[in-house]
Every structure is written in C-alpha cells, then in structure tokens.
Protein chains: 2
Amino acid sequence: MLKLKDLPDSKILTKFAERYPEANIDGVMHFLTLLRVGSDLSDVLDNFLGQYGLLQGRWWVLILLMREQDLTSTPSSLAEKAGVSRATMTGLIDGLDKEGLVIRVTNVEDRRKFHIKLTALGQSKLDEVMPEYYRRVDRLMSILSPEEGDVLTSMLIKLQNNRDVFK
Amino acid sequence: MLKLKDLPDSKILTKFAERYPEANIDGVMHFLTLLRVGSDLSDVLDNFLGQYGLLQGRWWVLILLMREQDLTSTPSSLAEKAGVSRATMTGLIDGLDKEGLVIRVTNVEDRRKFHIKLTALGQSKLDEVMPEYYRRVDRLMSILSPEEGDVLTSMLIKLQNNRDVFK
DNA sequence: AGATTATAGTTAGCCGACTAACTACTTGTC
DNA sequence: GACAAGTAGTTAGTCGGCTAACTATAATCT
C-alpha cells in the first residue's frame, strides 16, 4: 500500500496548490498521514508475525478457524472472511497444511467442499503468537487514552463510510 | 495489507480473551480498525488511479519528479523517496518510459547515473489526474471538521512514533 | 597510480496477491 | 430424471513487490 516515504511538506504542497487550486492542503496531509501510518503499522505487524514463520494471510486463517465452534471451516468461507480470492486461499491452505497447522478433511455431505480444521499444532502456534501479539498491541495503543482510542475509531469509521466519494 | 473482512465482534474477542487474558479488547478493536480503514482507503485510491492507467507506484514517481525544480531526479533517489527498492524502481521507470511519461537521459558527470525527467506527456497526465484527486480527497476528508482532522493526525503520529514497541 | 571499497542501475528468480479458465459436484427446472 | 445453471476448489498465467547477485563506474586509501 502506501510506500511513499517522503510525504510532502507544506512548501511542496503550496507549490502544487498553485498549479492545482483544488488542493486542500490540510486534508491531503491528513489523508496521506492516515495511509502512511496504516501501512507502517501493517508492516510492523508482518514483521512481528514473520518472527513466528507467519504472514498476515496465514495468521488470519488460523484465527478464523479458532473462532469456529469446531475449529473447522471451508476454503470458500475462509476466503470470503479473510478478504482474499479462493485461489489465494488454496495457496494459504497448502502452506498451512504442509506445516501441519491445518488439515483438509473430505466432506461427505458435499463432495465439492473440504473441511479445513485447525490442528493441535496450529492451536499451539496460536497459543505461542497471540499472547505476545496482544501484549504488543496493548503497548502500542496505550499511547492513547481509552477516550482518545474511541475518538480515533469513530473518526476512522466516518471516513470508512464516506469512502465512496472516491469512486 | 489488512485484507481481513470479518473483524472480530466483542463476543469473539471475549472468547479469545478467556484463552488469552493479555487481550485488551478495546485496544485490539482500535488497532484493527486503523489497519482496515487504511487498507480500504488505499484500495480506493488504487482504484481511482487505475481509471487513469496508473497505480500508486508509478503515480508517486511522477509526483516526485514534479516536485523537483528541473523535473529531474535519479532512480536511486526516487526509490528512496518512494520507499521501494532500486530494482522495483527500475521496473516502474521502464513502464513510465515505455508510455512516454518520463525519459532516461545519460548523466555525463557520473556515468553510473541517469537523469530521469518528467516529459510534457507526463506533466499532462498529472494535470489530468491531480485536480480530480484533490477534489476527491477534499470530499472524503470534509466528513471531518478541520479540528477533527488535526486531532486525527496528531493521534496517528503518536501511534507512528510508538510503533517500535511492536518490534 | 593501482588496488580496494562503495555506489548506481539492471537482471534473475522468488513470493503472495490477482483473474480466468477448468474439473467436479450439486441444485433447480422442465 | 435429464439437463442447465450454479458453486467449490484448483491450476495456469500475470503483476508488482522483494532480495541477491552482477556490471559498470566512481571514490578512497596506501
């Protein structure tokens, strides 16, 4: 996502605003800051997960399975919930299967489907990662007061709901 | 970046919190919301740029060149400012060169380098995209008051500066 | 001045997304 | 109950990132 390291300073934005008077300098700065911080935090998360041999894609699959009562789901359902294509989910499951973190079980009721099940090894991988993940998130977010956190989220949701204006 | 569509609700988080008492439910929700909104806005931006035959990578290169006094820079400098590897920058410049939006000019002072220069066609591509881009950003961000925008950015910067706790 | 070290750019090969097309199976309709 | 349409999963091929290794050139240090 946003890779740009060199965010414009107000001098540059002013130069651009001369050519493009539509520019709302403050708005652009707020927008770019949001993209940039989101991207950087995502990178930091990937980096953290990498220490456990995971990446966001695989990690979410494990978590989605753990959410299920019987620790089981189907590739299609996982793909939809994880926000990736079914083809991508095939690859993610391949990798997790190879490492023994999940298993594919044939579904006798609908032979098009598989049951994807979290294994004991998969659960123990989560048990290894999640406590540390939660501690890190807590440390990260504790720079904001609980009230600030609520305000942040409410503003983000407003932007989220307004994003269609960009389409 | 964050693809996960199915953010946990408080019921799921509570279940996880039983197994992982470290979990600060509110903090996790705020964190995931930030990643999610950042990711979605980035996708929306890519989608917008795609209508003009651009993607974020190429678009930033054009903008970085336009920031320069003589509309000229080097691949290394562009790579660093854009936050991509030099190898990736080679590919971006290849594409832009092929479309005539930038040109490579040999550098007689240091024959290892090239001058990468924005062409008139490249400038006119920006002139086509930027006004609409600024209008969209303005419309998006105008859901927040100027004061809210400032508060948002200041909280984001706090998180940004605190992200090393994750490492 | 010559050898070493550092820098600029490219190439090759990998990785994880994607879409499109394919097989296998199920559902629905006449 | 056969056949059309829909769904589940995989495969093949593309794309834009990446790192590592390579070539060419410049700078530095005896």
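On a predicted model such as this, the values are computed, not experimentally measured, just so you know. (Residues numbered from 1 in each chain as written. Chains lettered and ligands numbered in written order. Predicted model: local features only at pLDDT ≥ 70, side-chain atom pairs only at ≥ 80, totals over all residues. Heavy atoms only, no water.)

## Brief notes about the environment of Ser-73 of chain B
Residues and elements named next belong to chain B.
Then, in step 1: Here Ser-73 is to be found in strand β1 (residues 72-73).
Then, in step 2: In sequence terms Ser-73 and Leu-152 are 79 residues apart; their C-alpha atoms lie 33 Å from each other.
Then, in step 3: There is a polar contact of 3.4 Å between the side chain of Ser-73 and the side chain of Ser-77. (Helix = DSSP H or I, 4+ residues; strand = E, 2+ residues; numbered from the N terminus. Polar contact = N/O pair within 3.5 Å; in protein donor to acceptor, adjacent residues only side chain to side chain.)

## Remarks on the pairing of strand β3 (residues 114-118) of chain A
Then, in step 1: Of the strand pairs in this sheet, strand β1 (residues 72-73) of chain A and β3 of chain A are connected by 2 bridges, and their pairing is antiparallel. The residue bridging Ser-73 of chain A from the neighbouring strand is Ile-116 of chain A, located in β3 of chain A. (Pairing = 2+ DSSP bridges.)

## A few points about the relation of the copies chain B and chain A
Then, in step 1: Structural alignment of chain B on chain A gives an RMSD of 0.0 Å, achieved by rotating through 180° and translating 0.0 Å along the axis. Put plainly, the chains are arranged around a two-fold axis. Residues of chain B ranked by C-alpha distance from the rotation axis are headed by Gly-38 of chain B, positioned 2.5 Å from it.
Then, in step 2: Most of the interface of chain B is mirrored in chain A: 100% of its interface residues are interface residues there too. (Least-squares fit on C-alpha atoms with pLDDT ≥ 70 in both. Contact = heavy atoms within 4.5 Å.)

## A short note on the protein's contact with DNA strand C
Then, in step 1: Neighbouring DNA strand C are 22 residues, the closest being Thr-88 of chain A together with Pro-75, Ser-76, Arg-86 and Thr-90 of chain B.
Then, in step 2: When atoms of DNA strand C within 4 Å of the protein are split into backbone and base, the sugar-phosphate part holds 69%.
Then, in step 3: At 2.5 Å, a side-chain N or O of Arg-86 of chain B approaches a base nitrogen of DNA strand C.
Then, in step 4: Across the surface near DNA strand C, the residue classes tally to 7 nonpolar, 7 polar and 8 charged. (Near = heavy atom within 4 Å. Nonpolar A, V, L, I, M, F, W, Y, C, P; charged D, E, K, R; others polar.)

## Some remarks on the protein's contact with DNA strand D
Then, in step 1: Around DNA strand D sit 22 residues, and of these Ser-76, Arg-86, Thr-90 and Arg-112 of chain A together with Thr-88 of chain B come closest.
Then, in step 2: Sugar and phosphate atoms constitute 67% of the interface atoms of DNA strand D, taking the interface as everything within 4 Å of the protein.
Then, in step 3: Residue Ser-85 of chain B places a main-chain N or O atom 2.9 Å away from a phosphate oxygen belonging to DNA strand D.
Then, in step 4: Mapped onto the surface near DNA strand D, the elements with two or more residues apiece are α4 (75-82) and α5 (86-98) of chain A together with α5 (86-98) of chain B.
Then, in step 5: Class assignment of the residues belonging to the surface near DNA strand D gives a composition of 7 nonpolar, 7 polar and 8 charged.

## Examining the environment of Leu-55 of chain A
Residue and element names in this part refer to chain A.
Then, in step 1: Checked against the element boundaries, Leu-55 lands in the loop between α2 (25-50) and α3 (56-67).
Then, in step 2: In sequence terms Leu-55 and Gln-69 are 14 residues apart; their C-alpha atoms lie 24 Å from each other.
Then, in step 3: Sequence-distant contacts of Leu-55, that is, excluding residues within four places in its chain, are made with Asp-46 and Leu-49.

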